[in-house]
Amino acid sequence: MRSFLLPLGVIFLVASAVRVTSAQSYDAPTAYYATATGTGATLRSQLHNIIDDHSVISYDGARTALQVTDRDPNNPNRILLVYNRVSNTAAWDQAATWNREHTWPESRLGAGGRAVSDLFNLRASSTQINNDRGNLHFGGAFGQSYGVKTDKGATVWYPGDADAGMIARQEFYMAVRYDGSDSGTSDLELVSSGNAATAARLGDLSRLIDWHYAAPPDAFERRRNQVIYDNYQFNRNPFTDRPEYVWSVFVDQANDSSVRLRNGVHSANGGSTLNVDLGRVIVNGAVPTTTVPIVLENTGNDGTYFEVKTNDALAKSSVVGRYNSFPLGGPSSKVLDIGMYAYPGVTDRPGIKTGVIQVDNLDVTTGAGNGRAANDANDVINVNMTVLSHAQPSFTLEYWQPVIEYDFGLLVHGQNAPVFEFDIYNAPSSNYTAKLDFDAVTASGETNAFSTNLALFSGDDSLAANDSRAFSATIDTDKIGSFSAVYTLEFSDEDLSGALESFPLTLKLRGTVGLPGNADFDNNEFIDGADFLTWQRGYGWPASFATGDANSDGVIDSADLAIWSAQFGAAPQLVQPVPEPAACLLTIIAVAAGRSSHVRRRRRN
């Protein structure tokens with residue numbers, strides 16, 4: 001048996017050498033509660049056997065120990081006082097400002113013994129507030145200030161919301177730790193206020209149960225539990241470590257809690273599943289910082305503790321760990337904000353990223369049946385985010401084609417405008433590809449000879465992967481000449497995190513519009529000076545009286561001369577007109593006349 005009294009001088013040494021306890025070390029050793037496998041009276045006995053053989057410090061030594069156990073987390077030279085949670089100078093001042101409060105009053109400890117100096121019973125308290133409390137039983141509804149209250153017709157002490165849950169768990173510890181089996185101690189029991197006058201009894205149990213579920217263990221309580229275990233008594237408060245034991249030990253075996261995801265798919269065994277979609281980002285984009293609120297509810301009337309576990313490094317929840325509770329008097333609900341951690345590399349490749357969060361009803365009782373308490377199956381939240389590859393504009397889907405050229409060919413002036421139809425595709429580079437935005441068009445060349453129905457698109461009109469958008473282009477046949485134009489089409493990813501501009505597409509158009517008609521007036525399949533002389537002789541006459549009407553408009557005029565000049569020196573064909581300044585035209589006529597004279601002389605010879 002390890003129970004012994006430490007001299008006061010040793011207490012100071014222990015206090016000065018106390019280990020620094022971090023938040024990560026507040027949990028009990030893995031095997032500490034390995035033998036706590038039962039329920040009800042069996043569980044109570046098992047817990048007693050785990051914690052009963054603790055090392056005892058003296059009541060005087062507790063003054064120094066409390067300076068360590070109740071240390072203000074924001075100032076190591078101060079302590080937090082019970083009930084009002086005021087930060088007070090830690091140094092012992094002969095009880096001028098603080099003293100040792102027995103949360104289970106010493107006058108109600110019966111034989112007392114080692115229970116008098118048990119650090120799980122003692123707290124640093126304002127001397128005045130300690131006197132105000134006296135040996136009153138605890139009571140009062142959660143949700144009010146500390147002090148003397150009237151509850152259920154009795155005068156009681158309410159410890160304040162900040163300490164109510166911790167006080168309840170301290171008394172649960174005392175009732176289990178002290179069963180009268182240690183010499184010089186009494187069997188301590190928690191009872192209703194009606195039996196509170198009995199020695200070694202403390203009430204009100206029902207209020208303590210209520211406070212326990214209303215106020216889970218905070219960091220101050222958990223650290224205190226660890227410090228006592230590491231440095232002083234070498235035992236722990238099981239109801240701080242495992243708050244789910246309380247219902248089975250102090251109430252009954254039929255807790256009716258059923259924890260589920262409100263909007264999830266529910267099963268008969270109490271489990272539920274919910275998928276949370278955080279949306280989409282593009283490769284190397286930022287993980288969404290926004291979270292999705294989901295409602296977790298307890299459909300039962302009884303309080304319970306639940307654990308929220310993330311099964312990977314990806315999913316995150318605003319509520320985590322096992323120190324979460326639903327209060328008595330349900331049904332009730334809590335909101336969990338669900339998201340993903342932005343750890344390096346999570347968006348470096350396309351695909352669906354999934355994290356899993358599990359919610360476990362921790363109550364250990366089974367008497368309420370299927371889907372309740374220990375029979376309540378876990379609830380699963382699947383957190384999804386889609387990472388997309390960049391959009392890929394192309395004129396074909398089968399392969400990347402960034403340039404398309406179209407030649408309208410040689411067209412007749414005034415004919416119906418031909419149409420060139422083409423498609424713009426978002427050609428996927430993976431199974432997960434961003435939508436495509438069409439942002440701008442820039443054009444160069446003789447764009448007044450062409451027209452297109454190119455139209456920008458974005459937002460709800462963005463082009464999905466594997467989809468296409470049809471467009472067309474035409475040439476203006478009312479204009480004469482050879483024309484070309486280049487259109488540069490600018491694209492980008494849809495408006496998501498990680499979006500970039502895409503490679504542009506290039507549309508090239510060209511075509512020639514020539515004059516119709518035939519200036520081969522002598523039908524020798526060659527346009528020469530002889531044809532000019534034919535036109536000249538017929539100039540000004542209707543086509544019904546003379547020859548030289550190249551464009552078949554019924555009149556022999558300068559328009560026919562323009563066609564002859566355009567076709568001069570070749571076989572009949574569709575051609576562009578030559579420039580019409582008089583000097584140029586006269587030059588052509590002179591040359592033609594010369595050729596014609598030469599031909600006549602050659603024929604005479």
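A short tour of the structure in this document, coming up. The structure presented is a predicted model; accordingly, all values stated were derived computationally and were not measured.

**Considerations on the sheet that holds strand E4 (residues 75–80)**
- Spatial strand order, E3-E4-E5: 3 strands in an open sheet with antiparallel pairing. The strands lining the two open edges of the sheet, one partner per strand, are strand E3 (71–72) and strand E5 (87–89).
- In this structure, E3 lies alongside E4, joined through 2 bridges in antiparallel fashion. Of the residues in E4, the one forming a bridge with Arg-71 is Ile-79.

**Some words on the sheet that holds strand E27 (residues 468–475)**
- Read across the open sheet, the 4 strands follow the order E22-E24-E27-E26; overall the sheet is antiparallel. With partners counted over all chains shown, the strands left at the sheet margins are strand E22 (393–394) and strand E26 (450–452), one partner each.
- The pairing of E26 with E27 spans 3 bridges and is classified as antiparallel. Paired with Phe-450 across the strands is Ile-475, a residue of E27.

**Quick look at empty space enclosed by the protein**
- The final tally for this structure, using the stated rule, is 1 cavity of 30 Å³ or more.
- What the largest cavity holds in volume is close to 70 Å³.
- Along its surface, the largest cavity is lined by Phe-120, Met-166, Gln-170, Glu-221, Arg-224, Asn-225, Ile-228, Asn-237 and Thr-240.
- Residue assignment for the lining of the largest cavity shows that the elements contributing at least two residues are helix H5 (161–177) and helix H7 (219–231).
- In terms of residue count, the dominant contributor to the lining of the largest cavity is H7 (4 residues).
- Its residues placed into classes, the lining of the largest cavity shows 3 nonpolar, 4 polar and 2 charged.

**Considering helix H3 (residues 61–69)**
- Extensive coverage of H3 is indicated by the burial of 7 of its 9 residues.
- Within the span of H3, buried status applies to Gly-61, Ala-62, Thr-64, Ala-65, Leu-66, Val-68 and Thr-69.

**Notes on the side chain of Asn-361**
- Secondary-structure assignment places Asn-361 in strand E20 (residues 351–361).
- Polar contacts involving the side chain of Asn-361 include one to the side chain of Ser-257, which spans 3.0 Å.
- Not counting chain neighbours up to four residues away, the residues in contact with Asn-361 comprise Ser-257, Ser-258, Val-259, Thr-304, Tyr-305, Phe-306, Ala-373 and Asp-376.

**Remarks on the packing of helix H2 (residues 40–51) against H5**
- Look at H2 against H5: their axes get within 9 Å of each other, and the N-to-C directions meet at 90 degrees. Classed by the angle they form, the pair H2 and H5 counts as roughly perpendicular. Along the contact surface, H2 presents Arg-44, Leu-47, His-48 and Ile-51, while H5 presents Tyr-173, Ala-175, Val-176 and Arg-177.
- Of the residues contributing to the contact of H2 with H5, the split by class is 5 nonpolar, 1 polar and 2 charged.

What counts and how
Residues numbered from 1 in each chain as written. Predicted model: local features only at pLDDT ≥ 70, side-chain atom pairs only at ≥ 80, totals over all residues. Heavy atoms only, no water. Pairing = 2+ DSSP bridges. Helix = DSSP H or I, 4+ residues; strand = E, 2+ residues; numbered from the N terminus. 1 Å grid on protein atoms, 1.4 Å probe; cavity = no way out; pocket = protein on both sides within 12 Å on 5 of 7 lines; lining within 4 Å. Points joined across faces, edges and corners; volume = space filled by probe spheres on them. Nonpolar A, V, L, I, M, F, W, Y, C, P; charged D, E, K, R; others polar. Buried < 20%, exposed > 50% of the residue type's maximum accessible area, 1.4 Å probe, protein only. Polar contact = N/O pair within 3.5 Å; in protein donor to acceptor, adjacent residues only side chain to side chain. Contact = heavy atoms within 4.5 Å. Axes fitted to C-alpha atoms, helices over the stretch in contact; angles between N-to-C directions. Parallel < 35°, antiparallel > 145°, perpendicular 65-115°, else oblique.

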